[in-house]
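One letter stands for each residue in the lines below.
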Protein chains: 2
Amino acid sequence: MRTRPLKVALLGCGVVGSEVARIMTTHAADLAARIGAPVELAGVAVRRPDKVREGIDPALVTTDATALVKRGDLDIVVEVIGGIEPARTLITTAFEHGASVVSANKALLAQDGAALHAAAEEHGKDLYYEASVAGAIPLIRPLRESLAGDKVNRVLGIVNGTTNFILDKMDSTGAGYQEALDEATALGYAEADPTADVEGFDAAAKAAILAGIAFHTRVRLDDVYREGMTEVTAADFASAKEMGCTIKLLAICERAGDGASVTARVHPAMIPLSHPLASVRGAYNAVFVESDAAGQLMFYGPGAGGAPTASAVLGDLVAVGRNLVGGTTGPGESAYAALPVSSMGEVVTRYHISLDVADKPGVLAQVATVFAEHGVSIDTVRQQGKDGEASLVVVTHRASDAALSGVVEALRKLDTVRGVASIMRVEGE
Amino acid sequence: MRTRPLKVALLGCGVVGSEVARIMTTHAADLAARIGAPVELAGVAVRRPDKVREGIDPALVTTDATALVKRGDLDIVVEVIGGIEPARTLITTAFEHGASVVSANKALLAQDGAALHAAAEEHGKDLYYEASVAGAIPLIRPLRESLAGDKVNRVLGIVNGTTNFILDKMDSTGAGYQEALDEATALGYAEADPTADVEGFDAAAKAAILAGIAFHTRVRLDDVYREGMTEVTAADFASAKEMGCTIKLLAICERAGDGASVTARVHPAMIPLSHPLASVRGAYNAVFVESDAAGQLMFYGPGAGGAPTASAVLGDLVAVGRNLVGGTTGPGESAYAALPVSSMGEVVTRYHISLDVADKPGVLAQVATVFAEHGVSIDTVRQQGKDGEASLVVVTHRASDAALSGVVEALRKLDTVRGVASIMRVEGE
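Residues numbered from 1 in each chain as written. Chains lettered and ligands numbered in written order. Predicted model: local features only at pLDDT ≥ 70, side-chain atom pairs only at ≥ 80, totals over all residues. Heavy atoms only, no water.

1. Structural notes on empty space enclosed by the protein
Here the idea is plain: a probe the size of a water molecule rolls over the atoms and shows the empty space left. Residue and element names in this part refer to chain B. The final tally for this structure, using the stated rule, is three cavities of 30 Å³ or more. Space inside the largest cavity adds up to approximately 60 Å³. Lining the largest cavity, in full, are Tyr128, Tyr129, Glu130, Ile140, Arg141, Arg144, Glu145 and Asp316. Grouping the amino acids of the lining of the largest cavity by side-chain chemistry returns three nonpolar, no polar and five charged. (1 Å grid on protein atoms, 1.4 Å probe; cavity = no way out; pocket = protein on both sides within 12 Å on 5 of 7 lines; lining within 4 Å. Points joined across faces, edges and corners; volume = space filled by probe spheres on them. Nonpolar A, V, L, I, M, F, W, Y, C, P; charged D, E, K, R; others polar.)

2. Re the interface of chain B and chain A
Across the contact, 44 residues belong to chain B and 44 residues belong to chain A. For the pair chain B and chain A, the two sides together bury roughly 3700 Å², of which 55% comes from carbon and sulfur. On the chain B side of the contact with chain A, B:Arg34, B:Tyr300 and B:Tyr336 bury the most area, a combined 16% of that side's loss. At the surface where chain B touches chain A, the tally comes to two salt bridges. The salt bridge partner of A:Arg141 is B:Glu145, with a shortest N-O separation of 3.7 Å. The interface formed by chain B and chain A includes 18 residue pairs in polar contact (both at pLDDT 80 or more). Sorting the residues of the side of chain B that touches chain A by element identifies helix H2 (28-35), helix H6 (140-146), strand S12 (295-302) and helix H12 (306-326) of chain B as the ones contributing at least two each. Grouping the constituent residues of the side of chain B that touches chain A by class yields 24 nonpolar, ten polar and ten charged. Where strand S12 (residues 295-302) of chain A meets S12(B), three bridges bridge the pair, whose relative direction is antiparallel. Paired with A:Phe299 across the strands is B:Phe299, a residue of S12(B). (Contact = heavy atoms within 4.5 Å. Buried area = accessible area lost by both parts, 1.4 Å probe. Salt bridge = Lys/Arg side-chain N within 4 Å of Asp/Glu carboxyl O. Polar contact = N/O pair within 3.5 Å; in protein donor to acceptor, adjacent residues only side chain to side chain. Helix = DSSP H or I, 4+ residues; strand = E, 2+ residues; numbered from the N terminus. Pairing = 2+ DSSP bridges.)

3. Notes on the domain arrangement of chain A
Residue and element names in this part refer to chain A. What the domain assignment reports for chain A is domain 1 (6-131 + 306-325), domain 2 (140-302) and domain 3 (347-426). A straight line from the C-alpha centre of domain 2 to that of domain 3 covers 26 Å. Facing the 13 residues of domain 2 at the interface are ten residues of domain 3. When the buried area of domain 2 at its contact with domain 3 is split by residue, Met243, Arg265 and Met270 rank highest and sum to 41% of it. Across the domain 2-domain 3 interface, the total number found is two salt bridges. Where Arg425 meets Glu227, a salt bridge forms, and the shortest distance between an N and an O atom there is 3.2 Å. (Domains from an automatic or database assignment.)

4. Re the packing of helix H1 (residues 15-26) of chain A against helix H12 (residues 306-325) of chain A
Residue and element names in this part refer to chain A. For the pair H1 and H12, interaxial distance at closest approach is 8 Å and the crossing angle is 55 degrees. The orientation of H1 relative to H12 falls into the category oblique. Where H1 crosses over H12, the handedness of that crossing is right-handed. Within the contact between the two elements, H1 uses Val15, Val16, Glu19, Val20, Ile23 and Met24 and H12 uses Gly306, Ala307, Thr309, Ala310, Val313, Leu314 and Leu317. Residues belonging to the contact of H1 with H12 are distributed by class as follows: ten nonpolar, two polar and one charged. (Axes fitted to C-alpha atoms, helices over the stretch in contact; angles between N-to-C directions. Parallel < 35°, antiparallel > 145°, perpendicular 65-115°, else oblique. Left-handed = near helix turned anticlockwise from the far one by under 90°.)

5. Focus: the sheet that holds strand S3 (residues 61-62) of chain A
Within a sheet, adjacent strands bond to each other through the backbone by hydrogen bonds, running parallel or antiparallel. All names here are of chain A. One open sheet holds the six strands; their spatial order is S3-S2-S1-S4-S5-S6, and the pairing between them is parallel. With one partner strand each, in any of the chains shown, S3 and strand S6 (127-128) form the two edges of the open sheet. Pairing of strand S2 (residues 39-45) with S3 involves two bridges; the strand directions are parallel. Residue Val44 lies in a different strand from S3, and its bridge partner there is Val61. Lying on the sheet, helix H4 (residues 87-96) is in contact with strand S1 (6-11), strand S4 (76-79), strand S5 (100-103) and S6; it crosses S5 at an angle near 150 degrees.

The following block contains the structure:
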């Protein structure tokens, strides 16, 4: 056991940071035994210095995060501020002044992961960020290390607890979106401004990180196609049930075009009830991984919250600490495959389309002709008539998103099609 | 990229070994990019040298495994022979002659893990064995690294695919044990001699490995309480259904006695249908982990088979290869906690007991008195009478296994109790 402690600075002391500080104190002996050296909290940068922080020596607290990371005696900087700036500058400054970094910052990693990895490598430091995706669930390390000898073909994940809570509530109670969101807000699962969650921004950042690691390439946030789940209706859930499906907001990262490119997208989708992701309830997260040799794997657990996220941060802290004690660094960025990211139009999947149509002979023939003209093959059609109006539910075989968009555009031009009530992708088959 | 290749010897070339060799060839460029050095298959030790092995240069094949591991130029030895000897001697010889080792050998790790870890450390080599537990599912690395900053309290796993296939079949079709076993054998899920699986030996070895890693202590195969699943009946499944449960063969590792000791056990148990492990179907494996900070996590995937096991072996191969390129070793054994292993009598859980009793007044009072005298509190009792005979189903609150054994012994002595039809532990609540 090394006797000189590893000095750790904490940037941010909110829900996650305070839990990290707490566990560093209460589990100090365990952490020391596992790392091979004691860890010492050397400074805590906060915005509000006057707030009482139980168990943290007030002498360690500072509002000057920049001065803290420039001290030069830090071994590890833990960044749990979130957002792009000042987090980005603080992390690169930490590398420049000799510290390795553990971060929980999905937005920053998704936007600037390559630059941060390059900075870490330039200074011979570690950059770990298990907590940035799916909270406590070990995902980045399994993908980056356990599956390093395998070829991952697809990652399909529920990576946002807020939206899963809302969709699960809609599924189990028949509630509409607004009603379910209100309950999520009341219970603290949704923030006052839920945009980042319900519009899929949070999930898209995680999709970018997962795709990059899974396929050993670079995928930026801008590369990820994103559709929120605010327009999912109770009627969509009823349609899903008829199909033996439920609806989840999925982050989907796939190899495309014979493996020569990749795609990453976030949108609501129907998945069969028999799929392991279908039974992921409440605010839980789960990520399903398909690879050549391992086959189908799933990782499940709490995707957010102070303690779960702190668990992931501390796992990284131990890993980085061990590396420091051993005089080494962990695996850096693996982006050697350098695969292009294809656009959403090239994604191939199945579709469930609900149309409001005129209830008269020949409509189905017209609609079917449109699908055929665009090369989209129909799996099933169900027709229901009422009072001169009818609805037509079409489920397709696999087709490209571009072809499906062409179909929808053409359908809207038909006189007999009153409206396209909903279009939902069908995944997980 | 280092140009001198890492030399890898393969001990065993059966279902797993041949798949490892195949992927080393087909994915050579990927492996080289991920490790930072090419890998070269330098020798393959087999028992039957005449068998045709597609894709393997016959010049590499030898029957003299000992000479192979003594060559002195090997970087990594992959042991996929299984069993205790000659695997144990070959692994220690490999360390002595300068190679790190990747093993899939659960029996050996469970029996002699401490000695093998010591030998690896003595020679400054790596010993990795992700494939020894639950095939392709990343488990050892997440427990050993991702959760290294957390405190794991319980590991609850379905770690044997053969028995899960049989129990799932019994559950879904109402088949008896023998019928379900016959189907498992016919489909290749059970071996001709299924003893190691159905009597729980295989699961017990995995429980020993998981408990040791989860609790940072040493747990040997002999420390694991073991009950097979050959006596589970269709009637037990009917009882489980009435409780809203199913039956799984579980490997359970827990902290006991306020965390001052640990227990490890394998036995069939009822678990609620709402528990994530209840929906693990067919030959799949899944391991549920409960920890202080992360909460409840689950890892799911194929627990056996050539390709999935090869995926885990190759993940370790990449990790060990990276360590070699970086001039370091990975985390060794972490057994600093040195917790004693408590006996089965000290395990505390709930019980479901079916009794055949005389159908006359006062029986329930007699039975309830026996439970009370042994300090075992009853949760529910259900009584069913038919033709002078009756059955009594008792579900207890949490009690020690020793207390429950005392209850059962006393019940057997009652005149009014004709027999104890079944005793099943209830877990996962």
